[in-house]
Amino acid sequence: MNEPLLKAENIVKEYKAETHTVYALKGVSLSIMEGEMVALMGPSGSGKSTLLHILGGIDIPTSGKVFIQGKDIFSMDDKTLARFRNKNIGFVFQFHYLLPEFTAVENVMIPLQIYSNREPRKEAEEILTKLGLKDRLDHKPSQLSGGEQQRVAIARAIIGKPKLLLADEPTGNLDGENTKRVMEILKQLNKENKMGMVIATHDREVAEYCDRIIFLKDGIIQG
Ligand SMILES: Nc1ncnc2c1ncn2[C@@H]1O[C@H](COP(=O)(O)OP(=O)(O)OP(=O)(O)O)[C@@H](O)[C@H]1O
Ligand SMILES: [Mg+2]
């Protein structure tokens, strides 16, 4: 049996407030194989964003381990982890975090600056065009609608062709047509590049594109 692309072992996340503790994740274990496309579903507050952040090494668990391609990501120092993340993981945040001073195409080019053998602007323009943003390439985030910003954030996350894509409600602000557009592109990347994906979503239609669904409730995987 192949080694999983991503393996999480007994992830616990507690947020300590002054008077009480929030148990956001209560022991989550999962494996994602290379080329697997998985939907992460569950009610608001069930821990989806928290889990994705931890799987991507953006947040640290209270206890538990995450292995990506067999590497224990929380045993790395900050610099090594940042480099590992840039190379292997694409992240779409629930609130997209585009750089306000840069245009759409520039935001998308950023992850490619580390590859000397690629053509960042051309590739960024191509991917934004596929996402229906051909006429918005030179707009800054403040000049884009919420759904347009979301698609720019998706383009930025996938342009480096990461092995693993972690997407937090990537279609949350999109209409049916653009949801379809985004999901078709993700499915294509999943198939052609064997990109492994975990996609948090409230949308059944998005989950339909995935190979399986992980349900989270109150910080625990169901079933
Ligand atoms: N920084 C924080 N401090 C304290 N509690 C937090 C913090 N971040 C998240 N939580 C709590 O952890 C729980 C899980 O939150 P999380 O954002 O992971 O949920 P979610 O499943 O992504 O919800 P949604 O579908 O609304 O995006 C919630 O109860 C939330 O209030
Ligand atoms: Mg969330």
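Residues numbered from 1 in each chain as written. Chains lettered and ligands numbered in written order. Predicted model: local features only at pLDDT ≥ 70, side-chain atom pairs only at ≥ 80, totals over all residues.

## Brief notes about the sheet that holds strand β8 (residues 196-200)
Counted only if it meets this: Whether two strands pair comes down to DSSP finding at least two bridges between them. Each helix corresponds to a stretch of at least 4 residues labelled H or I by DSSP, and each strand to a stretch of at least 2 residues labelled E; elements are numbered beginning at the N terminus. By definition, residues are in contact whenever their C-beta atoms, placed on the basis of the backbone, come within 7 Å of each other. Angles shown run from 0 to 180 degrees and are taken between the N-to-C directions of axes, each axis being a line fitted to C-alpha atoms and, for helices, limited to the stretch in contact.
If you walk across this open sheet you meet the six strands as β6-β7-β8-β3-β9-β10, and the pairing is mixed. The sheet is open, and its two edges are formed by β6 (89-92) and β10 (220-221), each paired on a single side. Docked against the sheet, helix α1 (residues 48-55) engages β3 (37-41), β7 (164-168), β8 and β9 (212-217), running at close to 155 degrees with respect to β8. Running over the sheet, helix α5 (residues 146-158) touches β6 and β7 and is turned about 170 degrees from β6.

## Points about the site of ligand 1
The test is simple: To decide whether a residue is near a molecule or strand, its C-beta atom is placed from the backbone and checked for lying within 6 Å of it. The nonpolar class holds Ala, Val, Leu, Ile, Met, Phe, Trp, Tyr, Cys and Pro. Asp, Glu, Lys and Arg form the charged class, and all remaining residues, Gly among them, are polar.
By nearness alone, every residue bordering ligand 1 is listed as Tyr15, Val22, Ala24, Gly42, Ser44, Gly45, Ser46, Gly47, Lys48, Ser49, Thr50 and Gln94. Secondary-structure elements contributing two or more residues to the shell around ligand 1 are β2 (21-32) and α1. Examining the composition of the shell around ligand 1, we find that three residues originate from one element, α1, more than from any other. In terms of residue class, the shell around ligand 1 is built from three nonpolar, eight polar and one charged.

## What to know about helix α4 (residues 120-130)
As a reminder of what qualifies: Three classes are used. A residue is buried when 20 or more other C-beta atoms lie within 10 Å of its own, exposed when 12 or fewer do, and partly exposed in between, with C-beta atoms placed from the backbone. The arc refers to the directions leading from the helix axis to the C-beta atoms.
Listing the buried residues of α4 in full gives Ala124, Ile127 and Leu128. Seen from one end, α4 has its buried residues packed into an arc of 100 degrees, which puts them on one side. For α4, the secondary structure elements touched by its buried residues are α3 (104-109) and α5. Gly132, located one to two residues past α4, shows a positive phi value of around 80 degrees.

## Some points on the nonpolar core
Where we set the bar: The nonpolar core is taken to be a set of buried Ala, Val, Leu, Ile, Met, Phe, Trp, Tyr and Cys residues joined by way of C-beta atoms within 7 Å.
Counting 58 residues, the largest nonpolar core has Val108, Leu128 and Ala155 as its most contacted members. Per element, the largest residue contribution to this core is six residues, and it comes from α5. If near-sequence neighbours (up to four positions away) are discounted, Val108 is found in contact with Ala124, Ile127, Leu128, Val152, Ala155, Arg156 and Ile159.

## Observations regarding α1
The buried count for α1 comes to six of eight residues, which makes it a mostly enclosed element. For α1, the set of buried residues is Lys48, Thr50, Leu51, Leu52, Ile54 and Leu55. Two residues or fewer after α1 comes Gly57, characterised by a positive phi angle close to 70 degrees.

## Here's the deal with the pairing of strand β4 (residues 63-68)
The pairing of strand β1 (residues 6-16) with β4 spans five bridges and is classified as antiparallel. By the bridge assignment for β4, Val12 is matched with Ser63. Sheet topology places β4 next to strand β5 (residues 71-72); two bridges connect them, and they run antiparallel. Its bridge partner lying in β5, Phe67 is registered against Asp72.

## A few points about the sheet that holds β2
Taken together, the four strands give an open sheet; going across it, the order is β2-β1-β4-β5, and neighbouring strands pair in antiparallel fashion. Looking at which strands have only one partner, the edges of the open sheet turn out to be β2 and β5. Where β1 lies against β2, nine bridges are found, and the strand directions are antiparallel. Paired with Lys16 across the two strands is Thr21, which belongs to β2. Each of β1, β2 and β4 touches α1; the most contacted strand, β1, lies at about 125 degrees to it.

## Considering the environment of Leu81
If you trace the backbone, Leu81 turns up in helix α2 (residues 78-88). C-beta crowding within 10 Å serves as the criterion here: with 16 such atoms nearby, Leu81 is assigned to the partly exposed category. Residues Leu81 and Leu6, 75 residues apart in the sequence, show an inter-C-alpha distance of 15 Å. Ignoring anything within four residues of it in the chain, the contact list for Leu81 reads Gly57, Ile73 and Met76.

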